[in-house]
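Observations on chain architecture
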Amino acid sequence: MQWETVIGLEIHTQLATQSKIFSGSSTAFGAEPNTQASLIDLAMPGVLPVLNKEVVRMAVRFGKAIDAEVAQRSVFARKNYFYPDLPKGYQISQYELPVVGKGMVEITLEDGSSKRVGVTRAHLEEDAGKSLHEDFHGMTGIDLNRAGTPLLEIVSEPDMRSAKEAVAYAKKIHQIVTFIGICDGNMQEGSFRVDANVSIRPKGQAELGTRAELKNINSFRFLEKAINFEITRQIDVIEDGGKVVQETRLYDANKDETRSMRSKEEANDYRYFPDPDLLPLEIDEAFINEVVATMPELPDARRARFESQYGLSAFDADQLTGSRAQADYFEAAAQVGGDAKLTANWVMGDLAAALNRDATDFAHSPVTAVALGQLVARIKDDTISGKIAKDVFAAMWAGEGGADEVIEAKGLKQITDTGAIEALVDAVLAANPEQVENYRNADADKQPKMLGFFVGQIMKQSQGKANPQQVNALLREKLG
Amino acid sequence: MSLSADDVAKIAHLARLAVAPGENAALGRELSNILDLVAQMDAADTAGVVPMAHPLDMAQRLRDDAVSEQNSRDRYQAGAPAVENGLFLVPKVIE
C-alpha cells in the first residue's frame with residue numbers, strides 16, 4: 001500500500017512584549033521563580049485582566065505579513081481545564097472569533113520549487129506557568145513567572161506532505177515572526193514552540209486519517225525526526241491490522257521516538273465560552289493602517305533587495321536573510337565596508353565560523369558590524385591583504401581593539417611602496433639563482449605554478465605584508 | 001432532555017466537584033431543567049442576529065505595554081500552604 005502523509009502545525013510564538021498580555025508583570029526570561037507573578041497572574045479573586053495594546057499590534061502585524069484577514073471584531077474565550085500551572089482553572093484564549101483569519105505563506109522546497117501553505121488562523125492567548133517535577137518531598141514545584149505571557153498561536157492547514165515540508169514551513173514562520181520583530185524565535189527558551197499534527201492515509205484517499213499530536217519538539221532537526229518516526233509508527237500500526245488513536249505524543253530526543261502522553265478524549269472537553277471579564281476586541285482601519293505603515297521589511301522583500309541593491313547572488317542573499325539579526329548585521333557592516341560582496345563573504349565565512357565556534361550569535365558578536373565593516377574597508381583600500389585580515393580579525397575577536405588599532409599595534413600595514421617591494425623581489429631572486437634558471441627554462445604552462453615559490457619567499461621576507469598583486473606583477477616582469 | 005447519572009458524574013468531574021451519591025439524581029433533574037430552557041430558546045429564530053459576546057455594548061480598552069508590577073513574592077506566598085525556593089508546592093502531578 002502507498003501511504004500519503006498529512007501534516008498540520010500549531011506554532012506557539014511568545015510575543016516580545018515588555019509586560020504580560022493581561023497584567024503589568026514583566027515577561028523577562030530567567031527571573032527567580034514567582035518574582036514576576038502578580039495578583040492577576042496568580043488568579044486572586046476580584047482581579048480583572050486588561051489587554052496589552054502591543055500584543056494586538058503584533059498580532060495585526062503578523063496577519064498583514066501573511067496576507068490574512070484581520071478581524072475587526074474578535075472575542076476572548078475561556079478554555080477550561082485543571083492543571084496546577086494554570087491558577088484560574090482556565091486559559092484565556094480565542095476560539096470562534098480569532099484576531100487573524102485565513103492567510104498563506106510560500107515555502108521553498110529542496111528541489112527549488114515552491115509551495116503554498118495555508119494558515120487557518122492565528123489567535124491570541126496567555127501562556128501557562130511551569131511545573132517542576134524534580135523531587136520536592138514528593139510534591140511538584142510551580143513557577144508562575146511565565147503565566148500570562150502573550151502567545152500568538154499560528155495554526156496551519158493540513159497542507160504539508162512530508163517532514164521536510166513541515167520544517168520548511170516552520171522555518172518560514174520563524175523567519176517572518178523574527179523579521180517583523182514580534183518574537184525572539186528562541187526555541188531553547190520556548191519562545192517558538194512547534195506542535196505537529198500527523199496522520200497518514202492511503203494515497204488517493206480524500207478523507208483524512210486519525211491524527212496524533214506531537215509535542216515537546218524544541219528544534220527544527222527534532223521536528224523532522226519526530227515526524228518521520230511518527231509516520232513509520234503509524235504505518236506499522238495500520239499494516240499490523242491496528243488503528244491509530246487520536247492522542248498527544250511526546251517526542252523524546254534522547255531515544256528518538258514519540259510516546260503516548262494521554263488520551264485526548266477527556267482532555268479535549270474544554271467547554272469554551274466567551275470570557276465575561278473581557279469585552280470584544282475591536283480593531284479599526286486607523287489602527288491597522290498605523291501597523292502597516294510601520295511594518296518592518298519582510299524577509300522575501302529583503303532578500304530580493306539584497307540581490308538588486310548590492311548585486312549579491314541569490315544564494316548569498318538567501319543566506320544573509322536567514323535571520324533578521326544576520327541581515328541587519330550585514331547591512332550595517334556593508335555600509336561601513338564599502339564593498340557588499342567582500343562584506344558578504346566575511347559575514348558568511350570567518351564571522352559565521354567564529355560565532356558558531358563560540359556558540360554565540362550575530363546579535364552578541366564580539367566583533368560588531370561596524371568593526372567588521374572597518375576591517376573590510378582596510379582590505380578594500382589595500383591597507384592589508386585578505387590573508388593578513390584573518391589575523392586582524394582574530395585579534396579583534398579576542399578583544400584587542402578595532403581594525404586600525406590592531407593593524408597599527410602589530411605593524412601589519414601592507415607594503416605597497418613599489419620601491420620597497422622591488423627591493424624584496426630583487427633580494428629573493430638574487431638569493432635563488434637556480435630556481436630563477438629553472439623557471440626561465442620551464443614550459444609556459446608550468447611557470448605560473450613555479451611563480452608561487454618566489455611569491456612565498458617574498459611574503460615570508462615581508463611577514464605577509466607585501467601587496468600580493470604588486471609582488472606577482474613585478475615578479476612576472478623581472479622573470480619574463 | 002434528561003441527563004443520566006453518568007452525565008452528571010462526568011460534568012462534576014470536569015468541574016472537579018465532589019458530588020455525594022445521594023445528590024446525583026436531584027442535580028440531574030436541575031441540570032436537565034436548565035437544558036430544557038436552552039432548548040426552548042433554541043426554537044427562536046436567530047438568523048441574522050450577531051451572537052452577543054458580552055452584555056455591555058462596548059469594545060475592549062487597551063493598556064500600554066509597560067511593566068507596572070513589582071516583585072511581591074513574599075507577600076503573595078505568605079498564605080500558600082507550602083513553598084520552597086520561591087516555588088509554590090502542590091500535590092505531585094504525574095503526566
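Here's a quick rundown of the structure.

Conventions we followed
Residues numbered from 1 in each chain as written. Chains lettered and ligands numbered in written order. Predicted model: local features only at pLDDT ≥ 70, side-chain atom pairs only at ≥ 80, totals over all residues. Heavy atoms only, no water. Helix = DSSP H or I, 4+ residues; strand = E, 2+ residues; numbered from the N terminus. Rg over C-alpha atoms; globule rule 2.2 N^0.38 Å. Buried < 20%, exposed > 50% of the residue type's maximum accessible area, 1.4 Å probe, protein only. Axes fitted to C-alpha atoms, helices over the stretch in contact; angles between N-to-C directions. Parallel < 35°, antiparallel > 145°, perpendicular 65-115°, else oblique. Contact = heavy atoms within 4.5 Å. Nonpolar A, V, L, I, M, F, W, Y, C, P; charged D, E, K, R; others polar. Buried area = accessible area lost by both parts, 1.4 Å probe. Salt bridge = Lys/Arg side-chain N within 4 Å of Asp/Glu carboxyl O. Expected span 1.5 Å × (residues − 1). Patch = residues over 30% accessible without salt bridge, like charges linked within 9 Å, V, L, I, M, F, W, Y side chains within 5 Å. Areas by Shrake-Rupley, 256 points an atom, 1.4 Å probe, with all protein chains shown as cover. Lys, Arg positive; Asp, Glu negative; His and termini not counted. Charge placed at Lys NZ, Arg CZ, Asp CG, Glu CD.

We now examine the overall build of chain A. Within chain A one finds 16 helices and 16 strands. Over its C-alpha trace chain A gives a radius of gyration of 30 Å, far above what one expects of a compact globule, namely 23 Å for 480 residues. Its C-alpha atoms put chain A at 95 × 55 × 55 Å along the principal axes. Out of the 480 residues belonging to chain A, those deemed buried represent 50%.

Let's shift gears to the packing of helix α2 (residues 163-179) of chain A against helix α6 (residues 299-310) of chain A. Residues and elements named next belong to chain A. Following both chains from N to C, one finds α2 and α6 inclined at 85°, their axes separated by 9 Å at the closest point. Comparing their axes, α6 and α2 come out roughly perpendicular. Here α2 contributes K172, Q175, I176 and F179 to the contact with α6, which in turn contributes P299, D300 and R302. Here the contact of α2 with α6 is composed, by residue class, of 3 nonpolar, 1 polar and 3 charged.

Listed per partner, the contact involves 52 residues of chain A and 37 residues of chain B. Across the chain A/chain B interface, buried area totals approximately 4,000 Å², and carbon plus sulfur atoms make up 60% of it. A per-residue breakdown of the area chain A buries against chain B is headed by A:F82, A:M139 and A:L279, which together make up 15% of the total. The closest approach of N and O atoms between A:D269 and B:K10, which form a salt bridge, is 3.2 Å.

What follows deals with helix α10 (residues 369-380) of chain A. Side chains three or four residues apart in an α-helix point the same way, a direct result of the helix having 3.6 residues per turn. Residues and elements named next belong to chain A. End to end, α10 covers 16 Å across 12 residues, agreeing with the expected 16 Å (1.5 Å per residue, within 8%). For α10, every residue scored as buried is listed here: A369, A371, L372, G373, L375, V376, A377 and I379. The elements touched by buried residues of α10 are α8 (324-337), α9 (340-357), α11 (386-397) and α12 (403-410). Once α10 ends, the next one or two residues include D382, with phi positive near 65°.

What follows concerns a negative patch on the surface. Taken together, the side chains of A:E282, A:D284, A:E285 and B:D57 make up a negatively charged region of the molecular surface. Mapped onto the secondary structure, A:E282 falls in strand β16 (residues 281-282). By relative accessible area, which is 46% here, A:E282 ends up partly exposed.

Quick look at unusual backbone geometry now. Note: most peptide bonds trans; most residues except glycine with negative phi. Residue and element names in this part refer to chain A. Residue R271 is not a glycine yet carries a positive backbone phi of 45°. Relative to the elements of secondary structure, R271 occurs in the loop between α4 (264-267) and β15 (273-274). Judged by relative accessible area, which is 33%, R271 ranks as partly exposed. Positioned with a positive phi, D382 is a non-glycine residue whose angle comes to about 65°. For D382, the position within the fold is in the loop between α10 and α11.

So yeah, pure geometry; function would need other evidence.
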